[in-house]
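Each chain, written out:
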Amino acid sequence: MADRSFASCGGLELLCDSVKIHDVNVEQQGEEKKLTMKYLLSWVRTNLIKERPEMFMKGETVRPGVLVLVNDCDWELSGQLETVLEEKDVVVFISTLHGG
């Protein structure tokens, strides 16, 4: 198990009982024992999202309009779903869509 933190902002925290910051222990997966963002997203959907998971995810990835940062870096620069997470990494999800 490894410690990781993630935060949800821009309204996404409402899907997690209004909790913005989560310190979690997620078991590493597979033979290589690497934890990827793809696995973390599935874990978050199963373990932390309390309602309306469709507001957070579409298929196996985040919905359009959700910015994902891994250690303050846009995940598009690190491989998106294939980004490998290490112990003490910080993942932030920010909704860029706002209702009117």
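Here goes a summary of the coordinates provided. Just so we're clear, the structure is a prediction, and the values are computed from it rather than from any experiment. (Residues numbered from 1 in each chain as written. Predicted model: local features only at pLDDT ≥ 70, side-chain atom pairs only at ≥ 80, totals over all residues. Heavy atoms only, no water.)

### Let's talk about the overall build of the protein chain
Of regular secondary structure, the protein chain possesses one helix and nine strands. For the protein chain, the α and β elements follow one another from N to C terminus as β-β-β-α-β-β-β-β-β-β. If you take every contact in the protein chain between residues at least 6 apart in sequence, the share linking residues at least 24 apart comes to 57%. (Helix = DSSP H or I, 4+ residues; strand = E, 2+ residues; numbered from the N terminus. Contact = heavy atoms within 4.5 Å.)

### A few points about the packing of aromatic side chains
Counted according to the given criterion, the structure contains one aromatic pair. When the ring of Phe56 is compared with that of Phe93, the centres are 5.0 Å apart and the planes differ by 85°; the resulting orientation is edge-to-face. One end of the pair, Phe56, is in the loop between helix 1 (37-47) and strand 4 (57-58); the other, Phe93, is in strand 9 (residues 90-95), and 37 residues separate them in sequence. Here the two residues Phe56 and Phe93 agree in accessibility, since each one is buried. (Phe/Tyr/Trp six-rings, centres within 6.5 Å; stacked < 30°, edge-to-face > 60°. Buried < 20%, exposed > 50% of the residue type's maximum accessible area, 1.4 Å probe, protein only.)

### Overview of the pairing of strand 6 (residues 66-70)
Counted residue by residue, strand 6 has four buried out of five residues, so it is predominantly covered. Note: strand 6 against strand 7 (residues 73-74), two bridges, orientation antiparallel. Looking across to strand 7, one finds that Val70 is bridged to Cys73. (Pairing = 2+ DSSP bridges.)

### Some details on the pattern of salt bridges
As enumerated under the stated definition, the model contains two salt bridges in all. Salt-bridge contacts for Lys38 lead to Glu60; the nearest nitrogen and oxygen are separated by 3.1 Å. Of this pair, Lys38 sits in helix 1 while Glu60 sits in the loop between strand 4 and strand 5 (61-62), placing them 22 residues apart in sequence. Look at Glu60 and you get partly exposed, because its relative accessible area is 49%. (Salt bridge = Lys/Arg side-chain N within 4 Å of Asp/Glu carboxyl O.)

### Section: unusual backbone geometry
The backbone of Gln80 sits at a positive phi, close to 50°, despite the residue not being glycine. Locating Gln80 in the fold gives a position in the loop between strand 7 and strand 8 (84-85). Residue Lys88 is not a glycine yet carries a positive backbone phi of 75°. Here Lys88 shows up in the loop between strand 8 and strand 9.

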